[in-house]
Amino acid sequence: MVETKNSEPLIRVEGLRKTYTDDGVPVEALRGIDLIIYPGEFTAIVGPSGSGKTTFLNIISGLDRPTEGKIWIKGRLLEEMSDKELSDFRRDNLGFIFQAYNLIPVLTVEENVEYIMLLQRIPREERKRRVRQILKEVGLEGFEKRRPPQLSGGQQQRVAVARAMVSNPSLILADEPTANLDSETGGGLLDMMRELNKKTGMTFIFSTHDENVMRRARRLIILKDGRVAEDKQIG
Amino acid sequence: MLFKLAFRNTLRQKRRTIFTMLTMFGGFTLASISIGWSDGSYSRIINMFTRNRLGHIQIHAQEYLDKPSLYKAIDDYEAIGQKVQSVPGVLTWTPRFLAAGLASLENKTSAVQIIGIDPVRENEATYFNKKIIKGRPFSPQPAHEAILGKGLAEVLHAQVGDEIIIVSQGADGSIANDLFRVVGIAASGNQMADRTAFYLHLSEAQQLFVLEGKIHEIAIIVNKLSHVEKITRKIKTILDNNALDVQPWQEFAKSFYQAMKADVEGMWVMLLVILLIVAVGVLNTVLMAILERTREYGVLKALGTRPQHIFWQIVLEINIIALASIVLGAGLSLIINHILSIHGIHLPTSFTYGGIEFKSLYSAITPRSLYIPAITVILSATVVSFFPALRAARISPAKAMRIH
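Residues numbered from 1 in each chain as written. Chains lettered and ligands numbered in written order. Predicted model: local features only at pLDDT ≥ 70, side-chain atom pairs only at ≥ 80, totals over all residues. Heavy atoms only, no water.

A. Region of the structure containing the overall build of chain B. Per the secondary structure count, chain B includes 14 helices and 12 strands. For 404 residues, the compact-globule estimate of 2.2 N^0.38 gives 22 Å, and the C-alpha radius of gyration of chain B, at 31 Å, exceeds that figure by more than 25%. The C-alpha extent of chain B, read off along each of the three principal axes, is 100 × 50 × 30 Å. Burial analysis of chain B (404 residues in total) assigns 51% to the buried set. Once local pairs closer than 6 in sequence are excluded, the contacts in chain B between residues at least 24 apart make up 77%. Accessible surface for chain B amounts to roughly 19000 Å². Of this, 61% is attributable to carbon and sulfur atoms. Taking the 40 positively charged and 30 negatively charged side chains of chain B as two groups, their mean positions are separated by 22 Å. (Helix = DSSP H or I, 4+ residues; strand = E, 2+ residues; numbered from the N terminus. Rg over C-alpha atoms; globule rule 2.2 N^0.38 Å. Buried < 20%, exposed > 50% of the residue type's maximum accessible area, 1.4 Å probe, protein only. Contact = heavy atoms within 4.5 Å. Areas by Shrake-Rupley, 256 points an atom, 1.4 Å probe, with all protein chains shown as cover. Lys, Arg positive; Asp, Glu negative; His and termini not counted. Charge placed at Lys NZ, Arg CZ, Asp CG, Glu CD.)

B. Here's a closer look at the overall build of chain A. Each helix and strand in chain A was counted, giving 7 helices and 10 strands. Here the C-alpha atoms of chain A give a radius of gyration of 17 Å, agreeing with the 18 Å that 2.2 N^0.38 yields for 235 residues. By principal-axis analysis of the C-alpha atoms, chain A measures approximately 45 × 45 × 40 Å. Of the contacts made within chain A by residues no fewer than 6 positions apart, 71% connect residues no fewer than 24 positions apart. Accessible area of chain A: about 10300 Å², with a carbon and sulfur share of 45%.

C. Focus on the packing of aromatic side chains. Tallied over the entire structure, the rule returns 11 aromatic pairs over all chains. With a centroid separation of 5.7 Å and 5 degrees between ring planes, the pair formed by Phe96 of chain A and Phe98 of chain A is classed as stacked. For the ring pair Phe311 of chain B and Phe386 of chain B, a centre distance of 5.1 Å and an interplane angle of 85 degrees mean the geometry is edge-to-face. Within this pair, whereas Phe311 of chain B is found in helix H12 (residues 307–343), its partner Phe386 of chain B is found in helix H13 (residues 368–394), the two being separated by 75 residues in sequence. Following the ring pairs from residue to residue traces out a cluster consisting of Phe311, Trp312, Phe386 and Phe387 of chain B. Geometry around Phe42 of chain A places Arg194 of chain A over its ring, the cationic atom sitting 5.2 Å from the centre. Across the ring face of Tyr127 of chain B, the terminal group of Lys130 of chain B is positioned such that the distance to the ring centre comes to 4.9 Å. (Phe/Tyr/Trp six-rings, centres within 6.5 Å; stacked < 30°, edge-to-face > 60°. Lys NZ or Arg CZ within 6 Å of the ring centre and 35° of its normal.)

D. Spotlight on the pattern of salt bridges. Throughout the structure, instances matching the rule amount to 30 salt bridges over all chains. Among the ionic pairs, Asp88 of chain A bridges to Arg91 of chain A, the shortest N-O distance being 3.5 Å. Taken together, the residues span about one helical turn, with Asp88 of chain A and Arg91 of chain A both in helix H2 (residues 83–93) at a distance of 3 residues. One exposure class covers both Asp88 of chain A and Arg91 of chain A, and it is buried. One continuous salt-bridge network, built from bridges that share partners, spans Asp88, Arg91 and Asp92 of chain A together with Arg306 of chain B. (Salt bridge = Lys/Arg side-chain N within 4 Å of Asp/Glu carboxyl O.)

E. Representation of the domain arrangement of chain B. Taken domain by domain, chain B comprises domain 1 (2–50 + 257–402) and domain 2 (63–241). The C-alpha-based centres of domain 1 of chain B and domain 2 of chain B are spaced at 49 Å. (Domains from an automatic or database assignment.)

F. Structural view of the packing of helix H2 (residues 14–54) of chain B against helix H10 (residues 254–292) of chain B. Residue and element names in this part refer to chain B. H10 packs onto H2 with a crossing angle of 175 degrees between their chain directions and a minimal axis gap of 9 Å. In terms of axis orientation, H2 runs roughly antiparallel to H10. In terms of residue class, the contact of H2 with H10 is made up of 21 nonpolar, 7 polar and 3 charged. (Axes fitted to C-alpha atoms, helices over the stretch in contact; angles between N-to-C directions. Parallel < 35°, antiparallel > 145°, perpendicular 65-115°, else oblique. Nonpolar A, V, L, I, M, F, W, Y, C, P; charged D, E, K, R; others polar.)

G. Focus on the environment of Leu332 of chain B. Examined against the element boundaries, Leu332 of chain B turns out to sit in helix H12. When the C-alpha positions of Leu332 of chain B and Phe28 of chain B are compared, they lie 9.8 Å apart, and in sequence the two are 304 residues distant.

H. Inspection of unusual backbone geometry at higher detail. Residue and element names in this part refer to chain A. Its identity is not glycine, yet Asp23 carries a phi of approximately 55 degrees, on the positive side. With respect to the helices, strands and loops of the structure, Asp23 is situated in the loop between strand E1 (11–22) and strand E2 (25–37). Looking at Asp23, the relative accessible area reads 77%, which means it is exposed. Backbone geometry at Tyr101 places phi at a positive 65 degrees, although glycine is not the residue there. Inspection of the secondary structure puts Tyr101 in the loop between strand E6 (94–97) and helix H3 (109–119). Classification of Tyr101 as buried rests on a relative accessible area of 10%.

Take a look at the structure:
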């Protein structure tokens, strides 16, 4: 499955700005970004620390509100949604993979993966079937009853990938997903995500400064000082 | 999953959970024992006051209690008594003739309250014979016998076997006087009443005051103190007689009831103190938990958890701790209240309440000794966790996830 520019954009960003106040001093994290991302893309947002990668991901996923600008995801304008609507929108359309894995430590591997489907009120049998299937795909069969602290970093990130993908969201946002992994584990994880991207057509957007990620991405958006410095298709 | 998350979160910081549980457990147990103690003591006081003396419900001629008079008497009391007895919950009833007079023994004279009683019925209703500390009960048939209250016997220096002259005014205006032999001395427990009580056989009191067939009071004993008001209403309905006042003990012993009610209200102050203790303990737990898990709440929100789920998860977590504390506290307080209800506590010096002397007090196991502390603990836990939970529910996920 390859992204297609003939289809409707998955994400449209216009004039996006974000200003934080740090100890009373305004800090411009994003200084006017215009972007379109199509379904099925495997895109890396790259740039040095402080270039605005995480802020960009947070805003396009509705985790944070912009100071200025508009974002449409699947044709819906985020600024028009209430907190509750945003929660429901994220639940049904987005999957997240975080640098620090952010698994719920009191839940087992299968419960962590199952969590979003519970929010979606998917029937128990269907949930169990999907959990079994996705854990098999990410190579964590037999780890169902373990809790996150009992897993290695790579295994935890695989659980996070399974959790992000199990509900078949349209978009997966990964914030520095390989930052805490060695290059071999990180590379394996990325290959797995690329395979899933090809197989399912899910859109992946990564923020990274990892060469491993950049090499595998199909599109590179380079941010510098809160602006898009370069946007290029690869391969 | 909400419950699973909340429950497992309680096990994350075991030491903190145990500390919070101890606070709630202590608060619950303290409140439960206090209420059990209060209920036990007051029901004993009320019983002494009602079951053993005044009765739970009384019937008088209209306005007799406001302005007692020899002439405000009840006719045909046997028929009234039979109707009263037919009301479910009524155990027994007893008629009383009440009048004032002067009692003289040699050169001692004292004002007395003459109480004409039916010895059999009075004993059935208020265990009258058990109150006799010297001498014997009345003979089955009238025989010019009198039983004196302990205090009156002391005032008159009367002994069993002495003859006492009673002087008063009959209902027809004639001088009512007669001689009665003391057959017993009674201690009702009410020292004030015992200083004036002069018991006569009912029919002899009626003859003395020329009011044959009439009485002034019907005292009724019911099966449960808590049923008094309901049974009072039923008696009123069944008698359907405006010339009679049917009153529960809370009305005919109003000052006693109000004094006791004021004492019981002190319990709410104690509950407020307990509520504050629990609240401080819970607040500490909730604030620490939320501070530690802010990032986690951010993640849950990012995944699509609605704010209200975060809110309820925190409130539920605190209430799970509260419930566990209540179960443990209920177990301990039931054991303590049970022991205290059997053995009681013997007071080093006795005290009097409403004129009644108490040498020991007992606890009681009552539903409210469990549900009032339970509600107090649950309520304080919920209220205190409410605002921190609300804050956690409203936090921006991006901001929460920046916290390490």
